[in-house]
Amino acid sequence: MGVKDYIRERFFPHLWCPGCGHGIVLNNLIRAVENLGLDKSEIVMVSGIGCSARICGYVDFHSLHTIHGRALAFATGIKISRPELNVIVAMGDGDAVAIGGNHFIHAARRNIDVTAIVMNNRIYGMTGGQFSPMSGYGIKASTAPYSNIDPAFDLAKLALGAGATFVARTTTYHVKQITDILEKAIPHKGFSVVEILTQCPTEFGRRNNMANPADMMEFFKNHTVPVGSKAKKKNPDLIERGIFVQKEMPEYCSEYDKIVEDAMKGQQS
Amino acid sequence: MNKKIKFAQGNEVCAEAALYAGLDFFAGYPITPSTEIAEHLSIMLPRKGGKFIQMEDEISSMCAIIGASLTGHKVMTATSGPGFSLKQEALGYAIMAEIPCVVVNVQRGGPSTGIPTHGSQGDINQARWGVHGDHSIIALTASNHQDVFLMTVEAFNLAETYRTPVILLLDEGVAHLRERFIVPEKGEIPLLTRLKTSVKEGVDYHPYLPREDGRLPMSDFGGTHRYNVTGLYHDMWGFPTTKPTIVHRLIHHLVHKIEHNVDRIARFKEYYMEDAECILISYGFSARAALHLVKNRRARGERLGLLELQTLWPFPSHVVREKCVDARYVVVVEMNMGQVLQSVKLSVEQPEKVFLANRIDGVAITPTNIKNILQVIRGKGV
């Protein structure tokens, strides 16, 4: 099948700006789903609010465009009630770790079998370029006109600390790696977090001397290194990409199945 | 006579009734005075293969039941006061996306943290207007355990019929009171199931194109039809749109599917109403005191009647208007500053004959409280 078999052509053209990285994420998500041979009817794509959230309308899966920050809570209800479905959640950075931060850490703690893709463009794009918890110190934004003094989260460390059993990071420059990581993250039995640095030239780049989308991708190329590389030790400002953790731990729905089994036994005796 | 009689707390009755109605997914968060509903379901749901989850907060509980409903399950959450406030945004989402679910709000005194362990009926108007934007809503209530059972089942039936959230407005008094009730036999209360689409696989399915009767046949997530669900204004495929004609049509559909069926949704009870010159209108826990007083005064020859409302939203104005047409006085008995009073005044032909008998100090209103207020209304002093 080709890419067109996985999208809803009726709803195109998409609303993303020229140069936006979100289309690259969409493209690679579809490639990963195709390579994994998944049935479209067995996938539920859930999203929150913002530019990133629109991704779920364009894919020909069951799709749920929810409210700001709560995508993982909706996804939790879907997954527990129908564990056989593949649940993929797409969120922006503000969506995932500002307004939705609580749901993010608790979904990770439960290790529920959901794949969370965080499309991190370090800005609130749809509302016009306000800083997010991922913007970082020194960044300019429409609500940080002098300079942002809020430090950023390290999303991978946050996910690890909260208990996620698959944590990875890549960028829209490293397209092959996006597909490779998603092909591992989606079948992973447990909560998987894939952070994808994606460019917002319109709202982030324009304010931070990277108005050209190619400049932003160049930044991803020059400022990221593979996990565990020596370059990171020499220059701590470099961003690591790759898989940080991939481990087996009891998964929430499987554990609940045991509860059901016990409760039913108690009922019979 | 093989009737199964139980003695239980109102919250447990609500949980039992939900199971009777076919509940198979519950998400909640601890909050007084509704927590026993979650506790009871955490025991009972897994026994029938259902799922119970305690979420990280009130918001996520509301979101989780919406997700589970989309996969074809009957779902419920339960909360109180502050928790009900937190659920409003997701409640609005369920209204907009037309997702059946039941939300129990065991009312306590507010605003804010208020008086958690004491009763109140202060959330009547929040149930109607807590969600931003134009919309309609169904809200039911009950004054005794037999009716808590019935209204809980009705809440599920109405949610499935109208594809909307239904709010069950209990109050602390009913929820924590222990009394007997008869467990209805299987089949005694009809159970309505979701209207499913008959559109075959491969044929274009329009999840948000209402039939002539306004109903939307559903397809489960995980089924053959893949479609989009959103809280934005949406077209017949569920895809976001700002097209004025579609926006106009959708808001009318959301409001009219409920407001045009107000007579079908209205549930109420009448006591001694035939020749009543003074009609008490009440609901929930306060209706018990009102009924006690009515019986007591009838024995003394006073022409008192009680109209107990069980559907609060959409407000059954036609019922109130018709029943009160010959009354000299209409007295609304409630435990708030006059929330149903407003709706009653708007419903009757002579609003100046409508009075309030209330108590708002966290203590349940008593028959004597109501009697004293009636004396004042009649100009007889206390």
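Residues numbered from 1 in each chain as written. Chains lettered and ligands numbered in written order. Predicted model: local features only at pLDDT ≥ 70, side-chain atom pairs only at ≥ 80, totals over all residues. Heavy atoms only, no water.

Caption draft 1: The overall build of chain B, seen in detail. The helix and strand tally for chain B stands at 14 helices and 16 strands. Its C-alpha radius of gyration of 21 Å places chain B within 12% of the 21 Å reference for a compact globule of 382 residues. By principal-axis analysis of the C-alpha atoms, chain B measures approximately 75 × 45 × 45 Å. Long-range pairs, those at least 24 residues apart, make up 76% of the contacts in chain B between residues at least 6 apart in sequence. Carbon and sulfur atoms make up 53% of the accessible area of chain B, which totals about 14,900 Å². Computing the positive centroid from 41 side-chain charges and the negative centroid from 40, chain B places the two 4 Å apart. (Helix = DSSP H or I, 4+ residues; strand = E, 2+ residues; numbered from the N terminus. Rg over C-alpha atoms; globule rule 2.2 N^0.38 Å. Contact = heavy atoms within 4.5 Å. Areas by Shrake-Rupley, 256 points an atom, 1.4 Å probe, with all protein chains shown as cover. Lys, Arg positive; Asp, Glu negative; His and termini not counted. Charge placed at Lys NZ, Arg CZ, Asp CG, Glu CD.)

Caption draft 2: Spatial organisation of the pairing of strand β7 (residues 166–171) of chain A. Residue and element names in this part refer to chain A. Counting buried positions over the 6 residues of β7 gives 6, a clear majority of the element. The side-chain alternation of β7 yields two buried faces, one formed by Phe166, Ala168 and Thr170 and the other by Val167, Arg169 and Thr171. Bridge count between β7 and strand β8 (residues 192–197): 6 bridges; the pairing is parallel. In the strand pairing of β8, threonine 171 is matched with leucine 197. In this view, the connection linking β7 to its parallel neighbour β8 by way of helix α7 (residues 175–185) has right-handed handedness. Looking at chain direction, β7 and strand β10 (residues 239–246) are connected through 4 bridges and run antiparallel. By the bridge assignment for β10, phenylalanine 166 is matched with glutamine 246. (Buried < 20%, exposed > 50% of the residue type's maximum accessible area, 1.4 Å probe, protein only. Pairing = 2+ DSSP bridges. Right-handed = clockwise from strand over helix to strand, strands pointing away.)

Caption draft 3: Here's a closer look at the interface of chain A and chain B. Each partner contributes residues to the interface: chain A has 42 residues there, and chain B has 44 residues. At the boundary of chain A with chain B, total buried surface from both sides reaches about 3,500 Å², with 61% on carbon and sulfur atoms. Summed over the shared surface of chain A and chain B, the number is 3 salt bridges. Where Asp204(B) meets Arg10(A), a salt bridge forms, and the shortest distance between an N and an O atom there is 3.2 Å. Here chain A and chain B share 19 residue pairs in polar contact (both at pLDDT 80 or more) between them. Put simply, the parts of the chain that give the side of chain A that touches chain B at least two residues each are α2 (55–58), β2 (62–65), α3 (71–81), α5 (101–110) and α11 (252–268) of chain A. A total of 8 residues in the side of chain A that touches chain B trace back to one element, the largest contributor, which is α11(A). In this structure, β2(A) lies alongside strand β10 (residues 228–230) of chain B, joined through 3 bridges in parallel fashion. By the bridge assignment for β10(B), Ser63(A) is matched with Asn228(B). (Buried area = accessible area lost by both parts, 1.4 Å probe. Salt bridge = Lys/Arg side-chain N within 4 Å of Asp/Glu carboxyl O. Polar contact = N/O pair within 3.5 Å; in protein donor to acceptor, adjacent residues only side chain to side chain.)

Caption draft 4: Representation of the domain arrangement of chain B. Residues and elements named next belong to chain B. Once the domains are mapped, chain B shows domain 1 (4–183) and domain 2 (268–377). One C-alpha centre belongs to domain 1, the other to domain 2; they are set 26 Å apart. Counting residues at the interface gives 26 residues for domain 1, matched by 21 residues for domain 2. Of the roughly 1,900 Å² buried between domain 1 and domain 2 on both sides combined, carbon and sulfur atoms contribute 51%. In this structure, glutamate 179 engages arginine 288 in a salt bridge whose closest nitrogen and oxygen atoms are separated by 2.9 Å. Along the contact surface separating domain 1 from domain 2 lie 18 residue pairs in polar contact (both at pLDDT 80 or more). For the side of domain 1 that touches domain 2, the secondary structure elements donating two or more residues are β6 (115–119), α6 (124–129), β7 (138–140), α7 (145–162), β8 (165–171) and α8 (172–176). (Domains from an automatic or database assignment.)

Caption draft 5: Region of interest: the sheet that holds β7(A). Ordered in space as β9(A)-β10(A)-β7(A)-β8(A)-β4(A)-β3(A)-β1(A)-β2(A)-β10(B), the 9 strands form an open sheet in which the pairing is mixed. Since the sheet does not close on itself, it has two edges, and those belong to β9 (224–226) of chain A together with β10 of chain B, each with one partner. For this sheet, the mean inter-axis angle between neighbouring strands, taken without regard to orientation, is 20°. (Axes fitted to C-alpha atoms, helices over the stretch in contact; angles between N-to-C directions.)

Caption draft 6: Quick peek at the environment of Glu270(B). All names here are of chain B. You can see glutamate 270 is positioned in strand β11 (residues 268–271). The exposure class of glutamate 270 is partly exposed, given its relative accessible area of 39%. Residues glutamate 270 and serine 198, spaced 72 residues apart in sequence, show a C-alpha to C-alpha distance of 41 Å. Aside from chain neighbours lying at most four places away, what touches glutamate 270 is Leu306, Leu307 and Lys323. In this structure the side chain of glutamate 270 is engaged in a polar contact, spanning 3.3 Å, whose partner is the side chain of lysine 323.

Caption draft 7: A look at the sheet that holds β11(B). All names here are of chain B. One open sheet holds the 5 strands; their spatial order is β11-β13-β12-β15-β16, and the pairing between them is mixed. The sheet is open, and its two edges are formed by β11 and β16 (354–358), each paired on a single side. Mean inter-strand twist for the sheet, computed between neighbouring axes without regard to direction, equals 20°. Running over the sheet, helix α13 (residues 339–347) touches β12 (278–282), β13 (304–309), β15 (329–334) and β16 and is turned about 155° from β15.

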